[in-house]
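Descriptive analysis of the structure
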Amino acid sequence: MAKLTGWIDACLSKDGDSVTARNRAATLGRNYLELSEQGRLRFLILLAERYDLDQQTVEQSFLQWSEASPEQKYRAEQTLRDVLDPPRLKLLTQFSSLPEGVRFLVDMRADLLRLKQEYPQLKGLEADLKRLLISWFDIGLLQLEQLSWQSSAEILEKLIAYEAVHAIQSWEDLKNRLDSDRRCFAFFHPSMPAEPLIFIEVALVQGLADNVQQLLDQSAPALQPEHADTAIFYSISNAQPGLAGISFGNFLIKRVVGLLQNDLPGLQQFSTLSPVPGFCRWLAQQDDSSLSQLPGGEFWRQLPQPRISPDGLAREGSREALLQLVAHYLYRVSGEGNACKDPVAHFHLSNGARIEQLNWLADTSERGMKQSAGLMVNYLYQLPHIESRSQKYILNGERAIAPSLKNRLKL
């Protein structure tokens, strides 16, 4: 550990030129990649604890700033700004200019996100790194690319690996998702040109698609794109765990809508076909007393266990009861603050979408049944209303919902 501390100190030393410091950082980075899981943990804890802010220096600099004369104020302010950056920030910045340095830091943050719950002393280091990555991954620096079957094999393999919503089963499945009536767009960063950061898959259809298995059916004939009136966003996948919490999705959707409008002026609707991943977990947490107070809950409470099963869902009345419950969950149930408890709903509502349509047995995959009871939702993006709905939701928790769904909420 003493040797490692000495090496970090050498990287941060003011002696010598910047080239020497960066060469030292390069060696340190290569050594980090070769460490075991335990070795990486020890390195990160050392960086978090030993190279954090010097509280005494910060307090002294703040006092000097507060007592400085008008002539001295600017210099005192600059000194205070400097000491508010912990020494480890300089080392992280040195890593960024190395070959694959940005990717190195993205992967390091993935390690920190995984470890910080068990080791809370890492939270400050993770926050510092997130702050750097937010500035480096500013939306203005990202490149939007349309991916196709002609894209490189390396990129196509990563689409298969990173798809997080509806797993790509084979190369034929991928080819179908890149057919003439499909589109796929991804954001890339200049420092990570072969790594998609986030990608969105789009189906060009007629009307609101209400079943994902039908949407992804490889045997279904392709629709001529000029005959489509609706673009369905059916999968949005964040490809880099180390960039979690750094939002790209809202910009991606808006950019893609603009491109599709330009290329296919016949498109009239832009909607998602989305899962409700938190619904079954929330429903299972409701006791009989709570259920009886909810729309559809009394009927659902009286069904024999297991309720979410072929027999349970086939019972007369089950469909309407469950649709009432999911409408209540999406429209009325909140998590932190006024935010919708369901993470997918929160994402789309914060981006200005409207809860448009609930779809029964729309995803009968094992995952779809386990998380969402087979239900899926169309969130509709109506361009004239996107900004106002987004602001109302973010500021007041106001959730836009189609009039046809209000009956289920007794509104």
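Reference entry: report on the structure contained in this document. (Residues numbered from 1 in each chain as written. Predicted model: local features only at pLDDT ≥ 70, side-chain atom pairs only at ≥ 80, totals over all residues. Heavy atoms only, no water.)

1. Considering unusual backbone geometry
For clarity, the threshold we go by: Helix and strand assignments come from DSSP, with helices taken as H or I runs of at least 4 residues and strands as E runs of at least 2, each series counted from the N terminus. Residue burial is assigned from relative accessible area. The probe radius is 1.4 Å, only protein chains are included, and a residue is buried under 20% of its type maximum, exposed over 50%, and partly exposed in between.
A cis geometry characterises the amide bond from Gln 305 onward to Pro 306, with omega recorded as -10°. Looking at the secondary structure, you find Pro 306 in the loop between α15 (297-302) and α16 (310-314). Phi at Leu 361 takes a positive value of approximately 45°, unusual for a residue other than glycine. Here Leu 361 shows up in the loop between β7 (354-359) and α19 (366-372). Judged by relative accessible area, which is 30%, Leu 361 ranks as partly exposed. You will see that Ala 373, though not glycine, has its phi angle at about 55°, which is positive. Along the polypeptide, Ala 373 turns up in the loop between α19 and β8 (376-380). Since its relative accessible area comes to 0%, Ala 373 is described here as buried.

2. Quick notes on the pattern of salt bridges
The following threshold applies: Salt-bridge detection follows one rule: a side-chain nitrogen of Lys or Arg within 4 Å of a carboxyl oxygen of Asp or Glu.
Applying the stated criterion across every chain, the model contains 22 salt bridges. Arg 177 is paired through a salt bridge with Glu 163; the nearest N and O atoms lie 3.8 Å apart. Of this pair, Arg 177 sits in helix α10 (residues 171-177) while Glu 163 sits in the loop between α9 (153-162) and α10, and the two are 14 residues apart along the sequence. One salt bridge connects Glu 201 with Arg 177, and the closest N-O pair in it is separated by 3.3 Å. One end of the pair, Glu 201, is in strand β3 (residues 198-205); the other, Arg 177, is in helix α10, with 24 residues separating them in the sequence. Glu 201 gets classed as buried once you look at its relative accessible area, which sits at 3%.

3. Some remarks on the layout of surface pockets
What counts, and what does not: A pocket, in this scheme, is an open set of points on a 1 Å grid over the protein atoms alone with protein on both sides within 12 Å along at least 5 of 7 lines, while a cavity is a set where a 1.4 Å probe fits but cannot get out; residues line either one if an atom lies within 4 Å of a point. Grid points are joined across faces, edges and corners, and a volume is the space filled by probe spheres set on the points. Under the scheme applied here, ten amino acids are nonpolar (Ala, Val, Leu, Ile, Met, Phe, Trp, Tyr, Cys and Pro), four are charged (Asp, Glu, Lys and Arg), and all others, including Gly, are polar.
In this structure, the largest pocket spans a volume of roughly 1,200 Å³. In terms of lining, the largest pocket is formed by 49 residues, of which the most central are Ala 164, Val 165, Ile 236, Ser 237 and Val 344. Of the residues that constitute the lining of the largest pocket, the class distribution is 22 nonpolar, 22 polar and five charged. The space that makes up the second largest pocket amounts to roughly 320 Å³. Lining the second largest pocket are 19 residues, and of these Arg 182, Val 205, Gln 214, Leu 215 and Ala 220 sit closest to its centre.

4. Focus on the environment of Leu 267
Inclusion rule: The contact criterion used is simple: two residues touch if any of their non-hydrogen atoms lie within 4.5 Å.
Relative to the elements of secondary structure, Leu 267 occurs in the loop between α12 (249-263) and β5 (269-272). Leu 267 sits in the buried class, given a relative accessible area of 6%. Note: C-alpha distance between Leu 267 and Leu 204 (63 residues apart in sequence) is 8.6 Å. Contact partners of Leu 267, with chain neighbours within four places excluded, come to Leu 204, Ala 228, Asp 229, Thr 230, Ala 231 and Leu 260.

5. A look at the side chain of Asp 363
The criterion, for reference: Working convention for charge: Lys and Arg count positive, Asp and Glu count negative, and His plus the chain ends are omitted. Any pair of N or O atoms that falls within 3.5 Å is considered a polar contact. Within protein, one atom must be able to donate a hydrogen and the other to accept it, and sequence-neighbouring residues count only if both atoms are side-chain atoms.
With respect to the helices, strands and loops of the structure, Asp 363 is situated in the loop between β7 and α19. Look at Asp 363: it is buried, it has no salt bridge, and the nearest opposite charge is Arg 367 at 7.1 Å. Polar side-chain contacts of Asp 363 include one of 2.9 Å to the side chain of Gln 213. Looking at Asp 363, its side chain comes within polar contact range of the side chain of Ser 365, at 2.8 Å.

6. Considerations on the pairing of strand β4 (residues 230-238)
Within a regular beta strand, the side chains point alternately toward one face of the sheet and then the other, so they alternate between its two faces. We count it as follows: Whether two strands pair depends on DSSP finding at least two bridges between them. The handedness rule is simple: strands pointing away from the viewer, and a clockwise path from the first strand over the helix to the second, make the crossover right-handed.
The buried fraction of β4 amounts to seven of the nine residues, a majority that puts the element mostly inside the structure. Here eight bridges tie β3 to β4, and the two strands are oriented antiparallel to one another. Of the residues in β4, the one forming a bridge with Glu 201 is Ser 235. Tracing the backbone out of β4, into α12 and back to the parallel element β5 gives a crossover that is right-handed.

7. Considerations on helix α1 (residues 2-12)
Applicable threshold: Read the arc as the range of directions from the helix axis to the C-beta atoms.
The complete set of buried residues in α1 reads Thr 5, Ile 8, Cys 11 and Leu 12. All buried residues of α1 lie within an arc of 120° about the axis, which places them on one face of the element. The exposed set on the far side of α1, more than 90 degrees from its buried face, consists of Ala 2 and Lys 3. Where α1 is buried, its residues touch α2 (18-34), α3 (37-50) and α6 (87-96).

8. Details of empty space enclosed by the protein
Per the counting criterion, the structure on display carries one cavity of 30 Å³ or more. Quantified by volume, the largest cavity comes out at close to 40 Å³. Leu 159, Ile 168, Leu 174, Arg 177, Leu 178, Cys 184, Phe 199 and Glu 201 are the residues that line the largest cavity. Broken down by secondary-structure element, the contributors of at least two residues to the lining of the largest cavity are α10 and β3. Grouping the amino acids of the lining of the largest cavity by side-chain chemistry returns six nonpolar, no polar and two charged.

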